[in-house]
Amino acid sequence: MGAALNPASDIPQRDPATVMRLARLGSFHQSRLSFMRILTRRMKREAWTFSRPVFEIDAKGVGHAIYCTHTPDRTYSLVAFAHDLPAEKRSDRVIAEAWDSTFTMFDGVPTDADIERLRANIPLQEAGRVTESELSVSRANRSVRLWDYMVSCLADGQQPDPAEVAKVGYLMRTTAVYGSGKLGAADREVIAGRPECAAPFQIEMLSVFLTRTYVRDLMQHMANLKGGDRTATLSPETARSMGIGNSTGLGMAPFIVNHPMLFNNWIAAREEAIARVRSLATATVADTRLFTDLLARSVQSAALWRSEHPIQIEKLDELRQDLATLTAHVNSADLQSDHPWDRLYQWAAGHLGVDAQECLASLMLEPYGNIVDDLADTMAHTQTDTFRIDGTMSVGKLKTVLDDAYDWALDVDWNAKEHCARAWYVSAEKLEPRLGERFEEPIAPYEQPLAPGRDAAALRTALADWAPDDAIAGFLLACPEHRHTVRRAQIVARAPYAEIRDNTIGSDLLPIDMLRCKLSFFGAMHFDPRSDRWVRICMFGNAPYPEELQSRDADLWPYPNGAVETS
Amino acid sequence: MSYSLNEIEALAKRAARGGGLSWGISEEAAKAVRWLTSHGLPGGEALAGLLGQNDGVASDQVAPGDLDDVWHASNGALCPLISGAALNDYAERLAAGTDITMRDVSYPLLVVPFAAWAAMHIKAQVGVSWGGMRVVTDGNGLGISDADDALLVTKTPQLSCAQVTTATGAFSQPLSRGEVSPGAWATLNDFAQRTYAPATEASRRLGAGAGVSDND
């Protein structure tokens, strides 16, 4: 692997003006740099061990369990509370007040006193309170249909039909996983210095990984209680095919606008990885064989991907056709000499839609872990100096930055209804981020600063009367309303992928594009929009369970391996 | 009550915005409160007091008019957040050895984090003096002179800020949690509420985009 690495990438990273459009960001796929895969690779490499010291759940499915993860340096414990939830209370919305199961990730091993404290708070979620000992708070609801089906099958001594299992893909879906200080939990800064937390969202991913094991165990436990001696044990293959669902609404979309440096670092890491691979002069037979194998498995994955949403159905049709076209091309193309990956990428840019282009861009990285995996440690936001405004920057320089990074926005008529039809706001109810119709609802006074393009255009206009040599500090003293946007512009001047280069308040905005982009970095697959602003996904599907980490592949699990029925 | 620093920052940002400050200043106000509480100082209380005092006052009334001599507001006392932001924007003046003096400043404690960021930027210690006391910071750490009675005053007739050439030691380092009193927290919440749109049946149904059953 990587014998032909040219250490000085001669192919540059892709132009932010191309990458940062919503249609492309909304077509991103998981990759080697996805947070779930960064975690499972580390677990295997460092030989993490796992234990379940407590599993006390009664016949009604009520109780608690503890799942411990032992890293070389410390222990993290998922504390799970199981509840008996009436159907009428089951809601994926953030406004829900009860769930099938609730969780917290405890930093260390909880004492009995900790458990009693958590029992009084975790089931309440937002209405509860946690401490610096807790690293995350989350909850999950059952897929009622699949849960009942699988419990019945196993209790009857039968294995569930893998095709029925594949139709849903998970037994429970999380509806929120809170970290970074929410509800009183430890701030990110408390754990940021730990090597296993260097990449983003590792604790949250660990929480979901352990939740998947708990859910499998709980379902089996309930089947055992129902079926007694005749109960079947779920086959490892079927168990492994299942992930944890996740239901994500609008709340996640503003995140990538509100964290421009972090967002830049995610995109920049993947773009650097793509540039490094495209810069390779040659590829070995083993490299190309792995690539073509994973391409075939991606075709299979696309066949398994289900959605009832019209936009997603159309995207899926195009993706499947494009992957077939790509496969045909790959079968006859020279993938070994004369910068094979760059040639393949260039061909795809001219022949395939953006969804397949991004699928290919992620796939090309797979044979080259030794070249790209180190980029995982660049994905967190550690540059603490980027918040400060450089008051000495000249007005002329700032204008140049705006003309470069926001050129798409400067000619837009931001007073035209279709270009500013929407407004992001926070509702008084549960403080939930929402997207409203500016001209139909009284929300404009509450608008959040989530339209960088419009704001940059306004800033560019305001600068017109200032001399090029004036310091921006003087401008900001006179026009403090532009301070937020000046900060963003200064960030994007040094972090070119910090900004979505598209309209985030237009009438044609699809918030699911923002959601998919973020979730693809988590490593999510099989995006299933439930509307234009609400998406279900599956996490850790086909991944090894804790006891399988050492005996099975802990890296390439997102790619199905022919074992799953597609009907 | 003990809060995570992210909780404090998130509420302070919304409160500052609800109090009528621009988004940019609100972001810095939030980081300022976070910085102060991480040093065990009553940043939340100071912000709550400032927002209550300046409620309904236009920002340009309490911003420094020009920065050539002693900074002062056109009408009333200087807002420490707007003045602090300008102080940090003009940090190079401190590096060049120029002292910055302000006349009539509300809640002067809130200027300190901005001086800290300026110190970090110019890679030197910066001292902030008012009411007979002095606070010195290198950006991360903080040293307070013994006479700290003036720490929590609601207004000082004069505040000066200068680079410290004789390095001072014994700085306190930031903590990972912050304390905000229930009264201040409630006040900040009241201001934050002003940024939330009242829920309507339509927004409940449409705004979050749900509408399908989750019992499937």
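Below is a short write-up of the structure. (Residues numbered from 1 in each chain as written. Chains lettered and ligands numbered in written order. Predicted model: local features only at pLDDT ≥ 70, side-chain atom pairs only at ≥ 80, totals over all residues. Heavy atoms only, no water.)

**With respect to the sheet that holds strand β8 (residues 196–197) of chain B**
Argument step 1. Spatial ordering of the open sheet is given by β9(A)-β8(A)-β8(B), a layout of three strands whose pairing is mixed. The strands lining the two open edges of the sheet, one partner per strand, are β9 (433–437) of chain A together with β8 of chain B. (Pairing = 2+ DSSP bridges. Helix = DSSP H or I, 4+ residues; strand = E, 2+ residues; numbered from the N terminus.)

**Concerning the packing of aromatic side chains**
Each aromatic ring pair is specified by the distance between its two centres and by the angle formed by the two planes.
Residue and element names in this part refer to chain A.
Argument step 1. Throughout the structure, instances matching the rule amount to 22 aromatic pairs over all chains.
Argument step 2. For the ring pair W305 and F527, a centre distance of 6.1 Å and an interplane angle of 50° mean the geometry is tilted. Taken as a pair, W305 in the loop between α12 (285–304) and α13 (310–332) and F527 in strand β10 (residues 525–531) lie far apart in primary sequence, 222 residues in all. Comparing W305 with F527 shows no difference in burial state: the two are buried. (Phe/Tyr/Trp six-rings, centres within 6.5 Å; stacked < 30°, edge-to-face > 60°. Buried < 20%, exposed > 50% of the residue type's maximum accessible area, 1.4 Å probe, protein only.)

**Here's the deal with the layout of surface pockets**
Empty space among the atoms becomes visible once a probe the size of a water molecule is rolled across them.
All names here are of chain A.
Argument step 1. The volume enclosed by the second largest pocket comes to roughly 730 Å³.
Argument step 2. What lines the second largest pocket is a set of 28 residues, and nearest its centre among them are A166, K167, V168, G169 and R306.
Argument step 3. The class makeup of the residues in the lining of the second largest pocket is 11 nonpolar, eight polar and nine charged.
Argument step 4. Taken domain by domain, the makeup of the lining of the second largest pocket includes at least three residues from each of domain 1 (21–30 + 262–375 + 508–522) and domain 2 (35–249). (1 Å grid on protein atoms, 1.4 Å probe; cavity = no way out; pocket = protein on both sides within 12 Å on 5 of 7 lines; lining within 4 Å. Points joined across faces, edges and corners; volume = space filled by probe spheres on them. Nonpolar A, V, L, I, M, F, W, Y, C, P; charged D, E, K, R; others polar. Domains from an automatic or database assignment.)

**Digging into the nonpolar core**
Residues and elements named next belong to chain A.
Argument step 1. Counting 137 residues, the largest nonpolar core has Y214, W266, I267, F291 and F540 as its most contacted members.
Argument step 2. The biggest single contributor to this core is helix α8 (residues 202–227), with 12 residues.
Argument step 3. Leaving out residues up to four positions away in the same chain, F540 has contacts with M36, L39, T40, M205, V208, F209, R212, M242, G243 and W557. (Core = buried A, V, L, I, M, F, W, Y, C linked by side-chain atoms within 4.5 Å. Contact = heavy atoms within 4.5 Å.)

**Considerations on the sheet that holds strand β2 (residues 100–106) of chain B**
Residues and elements named next belong to chain B.
Argument step 1. Taken in spatial order, the five strands of this open sheet run β2-β6-β3-β4-β5, and their pairing is antiparallel. The open sheet is flanked by β2 and β5 (142–144), the only strands paired with a single partner. Recorded for the sheet is a direction-independent mean angle of 20° between the axes of neighbouring strands.
Argument step 2. Most of the contacts of helix α6 (residues 112–122) go to strand β3 (residues 125–130), to which it runs at about 155°, and overall it touches β3, β4 (133–137), β5 and β6 (155–164). (Axes fitted to C-alpha atoms, helices over the stretch in contact; angles between N-to-C directions.)

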